[in-house]
Amino acid sequence: DVKVTQSSRYLVKRTGEKVFLECVQDMDHENMFWYRQDPGLGLRLIYFSYDVKMKEKGDIPEGYSVSREKKERFSLILESASTNQTSMYLCASIPPRQGAFSAGYTFGSGTRLTVV
Amino acid sequence: AQSVTQLGSHVSVSEGALVLLRCNYSSSVPPYLFWYVQYPNQGLQLLLKYTTGATLVKGINGFEAEFKKSETSFHLTKPSAHMSDAAEYFCAVSDLLRGTYKYIFGTGTRLKVLA
């Protein structure tokens, strides 16, 4: 079975800290995504990457950056954490281009980040 | 751009009753449509998907959904609710963004099953 692993289930960080959220997939997928999930807002796309060292902004990239140095790993970085970034963060991946349109995402189990 | 509307952020049904969760989408091209389920403190799991072919799609745990192009709908149903169905459900539609594929999600419907 395919697997997307997020390194932390729960994180508590202080305002102003630099925060790294890690996501690793074992499926050789090219496309990877970071979403945040908030009650009543559903899932909103922060950043995505379609290849190593390639990244694209999603709908809400402000306050975030990403890193994709290796195909299997996609990291989300909060440059200076703020309380409004308290949320559930979900990583997802999808197969290469020819299968992507119909395959559906494989999601990680999520990281619940609290910024105090 | 595509969009998804889920009617009802909270739905309650009695155990054994019909489950109906509504999803409408807007799309300028034939869409691929998905339903995901999220149990507490977990990621999203694919329930079912419509790509092409038969418009009635069966998924896991006894759920099914019907793609109705004329109504731009993809409602999720289950004949008889079980306590274990209590979760949040998300409808999603495919979109092509800057040369790669992503999905647009609805805001979710939390299903409560009453004993």
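These numbers come from a predicted model, not from an experiment. (Residues numbered from 1 in each chain as written. Chains lettered and ligands numbered in written order. Predicted model: local features only at pLDDT ≥ 70, side-chain atom pairs only at ≥ 80, totals over all residues. Heavy atoms only, no water.)

Enquirer: What am I meant to see in the overall build of chain A here?
Expert: In terms of regular secondary structure, chain A is built from one helix and 12 strands. Each helix and strand of chain A, placed in order from N terminus to C terminus, yields the pattern β-β-β-β-β-β-β-β-β-β-α-β-β. Whereas a compact globule of 116 residues would reach a radius of gyration of roughly 13 Å, chain A reaches 13 Å, a difference of no more than 12%. Overall, chain A is about 40 × 30 × 25 Å in size when its C-alpha atoms are taken along their principal axes. Classification of the 116 residues of chain A by burial places 49% in the buried group. The long-range share in chain A, meaning contacts at least 24 apart out of those at least 6 apart in sequence, stands at 55%. (Helix = DSSP H or I, 4+ residues; strand = E, 2+ residues; numbered from the N terminus. Rg over C-alpha atoms; globule rule 2.2 N^0.38 Å. Buried < 20%, exposed > 50% of the residue type's maximum accessible area, 1.4 Å probe, protein only. Contact = heavy atoms within 4.5 Å.)

Enquirer: Whenever I open this one, the interface of chain A and chain B confuses me. Can you help?
Expert: Interfaces are often sized by the amount of accessible area the parts lose when they come together. Contact with chain A, which involves 30 residues of that partner, is made by 25 residues of chain B. Carbon and sulfur atoms supply 57% of the area buried between chain A and chain B, which totals about 2300 Å² over both sides. Viewed at the interface, chain B and chain A are joined by zero salt bridges. For the pair chain A and chain B, the interface holds five residue pairs in polar contact (both at pLDDT 80 or more). Among the residues making up the side of chain A that touches chain B, the classes are represented as 16 nonpolar, eight polar and six charged. (Buried area = accessible area lost by both parts, 1.4 Å probe. Salt bridge = Lys/Arg side-chain N within 4 Å of Asp/Glu carboxyl O. Polar contact = N/O pair within 3.5 Å; in protein donor to acceptor, adjacent residues only side chain to side chain. Nonpolar A, V, L, I, M, F, W, Y, C, P; charged D, E, K, R; others polar.)

Enquirer: Any chance you could explain the packing of aromatic side chains here in plain terms?
Expert: Two aromatic rings are characterised by how far apart their centres lie and by the angle between their planes. A complete count under the given rule lists 16 aromatic pairs over all chains for this structure. For the pair B:Phe34 and B:Tyr103, a centre-to-centre distance of 4.5 Å together with 55° between the ring planes defines the contact as tilted. Taken together, the residues span a long stretch of sequence, with B:Phe34 in strand β4 (residues 33-38) and B:Tyr103 in strand β10 (residues 100-105) at a distance of 69 residues. Since its relative accessible area comes to 0%, B:Phe34 is described here as buried. By the ring-pair criterion, three or more aromatic residues cluster together here, those being A:Phe33, A:Tyr35, A:Phe48, A:Tyr105, A:Phe107, B:Phe34, B:Tyr36, B:Tyr103 and B:Phe105. The ring centre of A:Phe74 lies 6.0 Å from the NZ or CZ of A:Arg68, which sits over that ring. (Phe/Tyr/Trp six-rings, centres within 6.5 Å; stacked < 30°, edge-to-face > 60°. Lys NZ or Arg CZ within 6 Å of the ring centre and 35° of its normal.)

Enquirer: What is the right way to read the environment of A:Gly110 from this model?
Expert: Residues and elements named next belong to chain A. Checked against the element boundaries, Gly110 lands in the loop between β11 (106-107) and β12 (111-115). Residues Gly110 and Leu76, 34 residues apart in the sequence, show an inter-C-alpha distance of 12 Å. Excluding its chain neighbours within four sequence positions, the residues that come into contact with Gly110 are Gln6, Ser8, Arg9, Met88, Tyr89 and Leu90.

Enquirer: Help me understand the environment of B:Val11 in this model?
Expert: Residues and elements named next belong to chain B. With respect to the helices and strands, Val11 occurs in strand β2 (residues 10-14). For the pair Val11 and Arg110, spaced 99 residues apart in the sequence, the C-alpha separation amounts to 6.2 Å. Once residues within four sequence positions are removed from consideration, Val11 is found in contact with Leu21, Thr109, Arg110, Leu111 and Lys112.

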